[in-house]
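Okay, here's what each chain looks like letter by letter:
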Amino acid sequence: MAIALQDLQFAYPHGPTILNIPSWTVKPGERVFVHGPSGSGKSTLLKLLAGLLPCQHGQLQVLGQPLQTLSGRQRDRFRARHIGFVFQQLNLIPYLSVLDNVLLGRYFAPPDGNGPDAGQLLAQLGLGEGLYQQAASNLSLGQQQRVAIARALITQPELLIVDEPTSALDADNRDGFMKLLFAQLAEGQTTLLFVSHDQSLNRGFSQSVSLASINHARAPS
Amino acid sequence: MFFRLAWRSQLSRKGSVLLSVLAIAVSVFVLLGIEHIRQQAKTSFGNTVSGVDLIVGARTGDINLLLYSIFRLGNPTNNISWDSYQTVINKPSVAWAIPISLGDSHRGFRVMGTSTDYFKHFKYGQKRPLRMAVGQAFSSAYDVVLGADVAQQLGYQTGTQITLSHGLGGTSFSEHKDKPFTIVGILARTGTPVDKTVHVSLQGLEAVHQPGQLSAAQAGQLTPKTITAFMLGLKAKIGVFQLQRQINNYRAEPLLAILPGVSLKQLWNMMALMENTLRLVSGLILVASLLGLSAMLLASIRERTQEINIMRMLGAPPHFIFLLIQVEALFITAAAIALAVLLLPLASYLASSWMGSQFGLNIASWNPSQIEPLPLLAIFASAALISLAPAGAAYARARAFKSA
């Protein structure tokens, strides 16, 4: 299983229970669309899956690895090596060049063999060589999100987590983004977890899940 | 990539980074500058006189006698009679004596009346004798020998005639215009107050204070009635305390004999308080500037939350963020030290002539090769210590993964 949750519960210190998921699985290579209103615990779930938050209760397997048994440092390494991220806006480090932003994606992952070439990735995403040395902050939002895809894919992650990536984009850029994303994933075995409150994006996915249907925690009123 | 990240991050905040660099550069400048002056002053002090066993003058404080006889600072309290001088130097244990007579000046430089024994026996530094750069010692009453600085600053050469002024200071109302002196020699540079002294014979000095014209031959016959002080060299060092006691108990006139080494040390100990105060102040200035750096970095952490989160997403452990902030602080400190090191030689060069004329201290220009690792290490260590605050804040933020 790419993702296997069993009896997962989570609450922030001094806060109510936000997540209570008795069971949920995602098969490898699946394209999963997760939707739910803001405040429904989407970000918290993603942070748990990524190992950014420690799993307090229950079992949380990602790519066969039980995250609740790993230390913080081990989770950081696991995330660097196996999980790619694209999130809302401000995805890039503004003062680094486009190329450095992409290479930073590989910096924290342990080096293994020959990953994809950064230039090739950027070219596939329609970003020309002229942009490589530009500071990320000089790019348009649409371009920035494409650089973010390149950065996420440079480690050839088994799991790609995409969190509200189009919320700052206009309709044209949004469609372009979705197209490029699926094109990049077409041949690989990468599992995609796509989170959005915008259900109109729900096309081309193999599974569509409403977070409310798997999360039994009562939404805070 | 790590250093590129740190470097680019600072470039993106040029303004505040530059101001922090300047603030720390100023404090490092003060710290190294004071340390330099302290060491140079100490060396300069210790090197002023050597090989002299006793200095004798009218009864006054030890340090006062040392200051006016050797450093040409302050004013002699009283003169001593020629008879007392003769009595002391005729004691069997005395090997040589150098009389000193002060009170006149030439264009701000002090005039010292002495004998040719001065050029033979006076030593400075590590027992180095005086050496003539040009010409020779005075032989006639109206001959004068200049210290290196006097000749250089006034542009004098041998053969030039000069007049002495009564009293000290650059402009005197009573000039001895009727009795000009001829420059016959210029001493090689010593780095001591000798360089700023105009040397004449006791007879010449006596002559200018006599009314009416006197030929050099007539003047050479004069015997001074008083002198200001004298230096003594003994045949055997072992007799020095005995002679000191004899002189201090001299009946006919109240005299004081001091051991120059001991009084130099006393003088330096008196300065220790000032020295330590200066060090403390420069240390505090450094701490203040580093606290400023820390505050700047701490303020930047808030606006860098997004950036920290991105790195965490990419798998950066929290200690990576911690190190990034620390390295940025050390970057800024290193840049500030480099700036201070560039400015110091220039500033010390400008200050050295002023220090020389004001305090009789010979301060060499600061040379980057004299950087000692210890103060630098201390500066870096303090920077690292003080930036624990912003680095710690960044670490906490990275660990908690707070959203912006």
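Remember, predicted model here, so these are calculated numbers, not experimental data. (Residues numbered from 1 in each chain as written. Chains lettered and ligands numbered in written order. Predicted model: local features only at pLDDT ≥ 70, side-chain atom pairs only at ≥ 80, totals over all residues. Heavy atoms only, no water.)

1. Some remarks on the nonpolar core
Okay, step 1: Residues Trp24(A), Leu49(A) and Leu193(A) are the most contacted members of the largest nonpolar core, which totals 84 residues.
Okay, step 2: It is helix H12 (residues 318-359) of chain B that provides the largest number of residues to this core, a total of 12 residues.
Okay, step 3: The contacts of Leu49(A), once residues within four sequence positions are left out, are Ile3(A), Leu5(A), Leu60(A), Val62(A), Leu67(A), Ile83(A), Ile161(A) and Leu193(A).
Okay, step 4: If you look at the next biggest cluster of nonpolar residues, it comprises 33 residues, including Ile98(B), Leu187(B), Val194(B) and Ile258(B). (Core = buried A, V, L, I, M, F, W, Y, C linked by side-chain atoms within 4.5 Å. Buried < 20%, exposed > 50% of the residue type's maximum accessible area, 1.4 Å probe, protein only. Helix = DSSP H or I, 4+ residues; strand = E, 2+ residues; numbered from the N terminus. Contact = heavy atoms within 4.5 Å.)

2. Remarks on the environment of Ser263(B)
Residue and element names in this part refer to chain B.
Okay, step 1: Within the secondary structure, Ser 263 sits in helix H10 (residues 260-303).
Okay, step 2: Spatially, the C-alpha atom of Ser 263 lies 9.6 Å from that of Leu 67, the residues being 196 residues apart in sequence.
Okay, step 3: Residue contacts for Ser 263: discarding those within four places in its chain leaves Asp 62, Ile 63, Leu 66 and Ile 258.

3. With respect to the packing of helix H11 (residues 305-313) of chain B against helix H14 (residues 388-400) of chain B
Residue and element names in this part refer to chain B.
Okay, step 1: Between H11 and H14, the shortest axis-to-axis distance is 9 Å and the interhelical angle comes to 55°. Accordingly, the angle class assigned to the pair H11 and H14 is oblique. Crossing hand, H11 versus H14: right-handed. Packed against H11, whose contacting residues are Thr 305, Ile 308 and Arg 312, the element H14 presents Ala 394, Arg 397, Ala 398 and Arg 399 at the interface. (Axes fitted to C-alpha atoms, helices over the stretch in contact; angles between N-to-C directions. Parallel < 35°, antiparallel > 145°, perpendicular 65-115°, else oblique. Left-handed = near helix turned anticlockwise from the far one by under 90°.)

4. Side note on the sheet that holds strand E2 (residues 17-26) of chain A
Within a sheet, neighbouring strands are paired by backbone hydrogen bonds and run either parallel or antiparallel to one another.
Residues and elements named next belong to chain A.
Okay, step 1: The four strands are arranged E2-E1-E4-E5 in an open sheet whose pairing can be described as antiparallel. The open sheet has two edge strands, E2 and strand E5 (65-66), and neither has a second partner.
Okay, step 2: In this sheet, E2 lies alongside strand E1 (residues 3-11) in antiparallel orientation, the contact comprising eight bridges. Directly across from Ile 3, in E2, lies its bridge partner Val 26.
Okay, step 3: Here helix H1 (residues 42-50) sits on the sheet in contact with E1, E2 and strand E4 (57-62), set at roughly 120° to E1. (Pairing = 2+ DSSP bridges.)

5. Digging into the sheet that holds strand E3 (residues 31-35) of chain A
Residue and element names in this part refer to chain A.
Okay, step 1: Within the open sheet, the five strands sit side by side as E6-E7-E8-E3-E9. Their pairing is parallel. A strand with exactly one partner marks an edge of an open sheet, and here the two such strands are strand E6 (83-86) and strand E9 (207-210). The sheet shows a mean angle of 15° between the axes of neighbouring strands, direction not considered.
Okay, step 2: Sheet topology note: the E3/E9 ladder contains four bridges and is parallel. Considered in E9, the bridge of Val 32 is made with Gln 207.
Okay, step 3: The sheet strands contacting helix H6 (residues 171-185) are E3, E6, strand E7 (159-163) and strand E8 (191-196), and the helix crosses E8 at an angle near 165°.

6. Focus: the side chain of Asn101(A)
Residue and element names in this part refer to chain A.
Okay, step 1: Checked against the element boundaries, Asn 101 lands in helix H3 (residues 98-107).
Okay, step 2: At a separation of 3.3 Å, a polar atom in the side chain of Asn 101 contacts the main-chain carbonyl oxygen of Leu 96.
Okay, step 3: Leaving out residues up to four positions away in the same chain, Asn 101 has contacts with Leu 92, Ile 93, Leu 96, Ala 136, Val 147 and Arg 151. (Polar contact = N/O pair within 3.5 Å; in protein donor to acceptor, adjacent residues only side chain to side chain.)

7. A word on the packing of aromatic side chains
For any pair of aromatic rings, geometry is given as the distance between the ring centres together with the angle between the planes.
Okay, step 1: Enumeration over the complete set of coordinates arrives at 19 aromatic pairs over all chains.
Okay, step 2: Arranged with centres 5.4 Å apart and planes meeting at 75°, the rings of Tyr118(B) and Phe119(B) form a pair that is edge-to-face.
Okay, step 3: Residue Tyr118(B) is classed as buried on the basis of its relative accessible area of 0%.
Okay, step 4: An aromatic cluster is present here, built from Tyr107(A), Phe108(A), Phe2(B), Phe3(B) and Phe320(B) joined pairwise through their rings. (Phe/Tyr/Trp six-rings, centres within 6.5 Å; stacked < 30°, edge-to-face > 60°.)

8. Structural notes on the pattern of salt bridges
Residue and element names in this part refer to chain B.
Okay, step 1: Using the criterion set out here, one finds 16 salt bridges over all chains in the structure.
Okay, step 2: Across the pair Arg 189 and Asp 149 runs a salt bridge, and its minimum N-O distance is 2.5 Å. Of this pair, Arg 189 sits in the loop between strand E11 (181-187) and strand E12 (197-201) while Asp 149 sits in helix H6 (residues 148-154); the two residues are 40 residues apart in sequence, bridging distant segments of the chain.
Okay, step 3: Among the residues examined, Arg 189 registers a relative accessible area of 46% and is labelled partly exposed.
Okay, step 4: Residues Lys 196 and Asp 149 are paired through a salt bridge, measuring 2.4 Å at the closest nitrogen-oxygen approach. Taken together, the positions of Lys 196 in the loop between E11 and E12 and Asp 149 in helix H6 put the pair 47 residues apart, joining distant regions of the chain.
Okay, step 5: Residue class for Asp 149 comes out buried when judged on its relative accessible area of 8%. (Salt bridge = Lys/Arg side-chain N within 4 Å of Asp/Glu carboxyl O.)

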